[in-house]
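The residues making up each chain are set out below.
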Amino acid sequence: MEQAALSSLAAATNSEELEAWHQDYLGRKGKVTVFMRSIGSLPAEERPQAGQAGNQLRLLLEERHTARQTEIREVELARALVEETIDVTLPGRRPWTGGLHPITLTLRRMYAIFAEMGFQVYRSREVESDLYNFELLNMPPEHPARDMWDTFYVSDSVVLRTHTSPGQMRAMRDYCPEPVRVIVPGKCYRYEQVTARSEFMFHQVEGLAIGTDITLADLKGVMATFARRMFGPERQMRFRASYFPFTEPSVEVDMDCIICGGEGCRVCKHTGWVEIAGAGMVHPTVLRNGGYDPEQFSGFAFGMGPERIAMILNDVDDIRYFYGNDLRFLRQFGNL
Ligand code: DAH
């Protein structure tokens, strides 16, 4: 039995075979155990010798089993280390954490610049009444100037605001009779053909300053300071006479093109100038509608397009990229 056990132990090459061998010889019904139990039925004089031989055999087999087990474990471990190896030098995959939209980033820069000049952010509603979007801004029903804005009507008297200018009226009525210095950022909507230059939804940043000594020179200073903070200290400004129903006089604000410095290029359409705002002195009727006496108070207002500003800053030539939700575009801007 000893010879048979040792040679079949040598033939066991893995843990399962080794375990089976152990059962076969040393388990509860194993050959050695069965032999030991059979000793009681031997003649009395043979029992001590048989018992001693059985015990020795069991000790020997346990000892050899332990030795073989150590060998097999070492072999199996060595194989596992090779086969189950993990290459810990592979670079990890960085989780995408999301980021700020380029327009959000542009708006935040604008807030910071206007904050330095004392303008607070004032929020106003996107769904507006005809009264605030047009009428109180000096455009009675049927006024031809309403054609300047292609309007989404929610009902006869409710619109999606076509500009942030109604925020001026809400701010005035909130602050009156105190002076006002606010910017009103937010979304605007126009019932327009979507093209590379215009979206049906876009943002504006409205500005409004009301006080007792405010002149067009203040407006010019604020516009120039904004342009130089946003686009560089060498920016030159140009103010062109224009028309808006809610300002008198009205101007359009241009700065020299940051791409070509005024030489003429694609961005400035070869004029050397890019328009950054519509603006003017708040019309007396608008002041009065806001609760201010135009004999005592004056003010300036402006409206800017952050998409326009983001396009100029980042050399983006199609406004539709901003709302196309293409991550290849969006990921090029600030990650958090
Ligand atoms: N609301 C005008 C627009 O959407 C922009 C504008 C022009 C705003 C002159 C103003 C302003 O506050 O004074 O076209």
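Cut-offs used in this document
- Residues numbered from 1 in each chain as written.
- Predicted model: local features only at pLDDT ≥ 70, side-chain atom pairs only at ≥ 80, totals over all residues.
- Heavy atoms only, no water.
- Domains from an automatic or database assignment.
- Helix = DSSP H or I, 4+ residues; strand = E, 2+ residues; numbered from the N terminus.
- Buried < 20%, exposed > 50% of the residue type's maximum accessible area, 1.4 Å probe, protein only.
- Polar contact = N/O pair within 3.5 Å; in protein donor to acceptor, adjacent residues only side chain to side chain.
- Axes fitted to C-alpha atoms, helices over the stretch in contact; angles between N-to-C directions.
- Parallel < 35°, antiparallel > 145°, perpendicular 65-115°, else oblique.
- Contact = heavy atoms within 4.5 Å.
- Nonpolar A, V, L, I, M, F, W, Y, C, P; charged D, E, K, R; others polar.
- Core = buried A, V, L, I, M, F, W, Y, C linked by side-chain atoms within 4.5 Å.
- Pairing = 2+ DSSP bridges.

### Structural notes on the domain arrangement of the protein
Moving on, step 1. Taken as a whole, the protein is organised into domain 1 (2–83) and domain 2 (102–333).
Moving on, step 2. Using C-alpha coordinates to define each centre, domain 1 is positioned 92 Å away from domain 2.

### Side note on the side chain of H163
Moving on, step 1. Topologically, H163 is positioned in the loop between strand 4 (158–160) and helix 7 (166–175).
Moving on, step 2. Look at H163 and you get buried, because its relative accessible area is 2%.
Moving on, step 3. A distance of 3.1 Å separates a polar atom in the side chain of H163 from the backbone oxygen of N133.
Moving on, step 4. Within the structure, H163 has its side chain in polar contact with the side chain of S165 (distance 3.4 Å).

### Some remarks on the packing of helix 8 (residues 216–231) against helix 10 (residues 306–314)
When two helices pack together, you describe them by how their axes are tilted relative to each other and by the distance separating the axes.
Moving on, step 1. At a minimum axis separation of 11 Å, helix 8 and helix 10 run at an interaxial angle of 40 degrees. With respect to each other, helix 8 and helix 10 are oriented oblique. Residues F226, M230 and F231 of helix 8 pack against I309, I312 and L313 of helix 10.
Moving on, step 2. Residues of the contact of helix 8 with helix 10, tallied by class, amount to 6 nonpolar, no polar and no charged.

### Let's talk about the nonpolar core
Moving on, step 1. Judged by nonpolar contacts, the single largest core of 46 residues is most densely connected at F114, M223, F226, F300, F302 and M304.
Moving on, step 2. Within the residue set of this core, elements represented by two or more residues are helix 5 (102–116), strand 6 (201–211), helix 8, strand 8 (247–256), strand 9 (273–282), strand 10 (298–304), helix 10 and helix 11 (327–330).
Moving on, step 3. Among the elements that take part in this core, helix 8 stands out by supplying 8 residues, more than any other.
Moving on, step 4. The residues contacting F300, other than those within four sequence positions of it, are F119, G207, L208, A209, I214, T215, D218, L219, V222, G280, M281 and V282.

### So, the sheet that holds strand 2 (residues 127–129)
Moving on, step 1. Pairing in this open sheet of 3 strands is antiparallel, and the strands run 2-4-3 from one edge to the other. The open sheet has two edge strands, strand 2 and strand 3 (153–155), and neither has a second partner. In this sheet, neighbouring strand axes are inclined to one another by 35 degrees on average, regardless of whether the strands run parallel or antiparallel.
Moving on, step 2. Note: strand 2 against strand 4, 3 bridges, orientation antiparallel. Opposite S129, over in strand 4, you have V158 as the bridge partner.

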